[in-house]
Amino acid sequence: PIQNGVERLPLNLALKNMVEKLEAAQKGKPSKKPGTKRRFRCDVCEKKPASMECVTCVVKYCDGCLETCHPKERAVFKAHVVTPLEPVSSRECEVHEGQALSFFCTQCGVMVCAHCLLMGSHIEHPRVSLHS
């Protein structure tokens, strides 16, 4: 018989993050005040500050863990959406002045605005909303 079988299983970070978010929402945990910068720790090493988040996995990574644990070259991660942790609403399109980057072009691997998708260089490209 296997002893301590459950304890030996690897931690599912995506599931852990979803459970934590659900618990916080159920407790009515107050959100941070606007204007305060929020710092997150890497969900993998739990030591370094996180700089990127895989929206698909719901996991935050420091630069080192992102390269090691979530390499974009691997086929399994090619369709994943990885974005900087800074708020998306604070990022503006470099091509269309004043337009917020609210989509991720999965074909090109970049964040784009609605204008890029409707009349720019990303017309008809597959995309994912960053606000869903």
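In this text the structure is predicted, and so the values were computed from the model without any measurement.

1. Focus: the sheet that holds strand β6 (residues 127-129)
- Read across the open sheet, the 3 strands follow the order β5-β4-β6; overall the sheet is antiparallel. Sheet topology places β5 (110-112) and β6 at the edges, where each strand pairs with a single neighbour. Sheet twist, expressed as the mean angle between neighbouring strand axes with direction ignored, is 30°.

2. What about the sheet that holds strand β2 (residues 59-61)?
- Ordered in space as β2-β1-β3, the 3 strands form an open sheet in which the pairing is antiparallel. Across the chains shown, the open sheet's two edge strands, defined by having one partner strand only, are β2 and β3 (82-84). Pairs of neighbouring strands in the sheet enclose a mean axial angle of 30°, with direction left out of account.
- As defined by bridge partners, strand β1 (residues 52-54) adjoins β2 across 3 bridges and the pair is classed as antiparallel. The partner of Met52 across the bridge, within β2, is Tyr61.

The rules we used
Residues numbered from 1 in each chain as written. Predicted model: local features only at pLDDT ≥ 70, side-chain atom pairs only at ≥ 80, totals over all residues. Heavy atoms only, no water. Pairing = 2+ DSSP bridges. Helix = DSSP H or I, 4+ residues; strand = E, 2+ residues; numbered from the N terminus. Axes fitted to C-alpha atoms, helices over the stretch in contact; angles between N-to-C directions.

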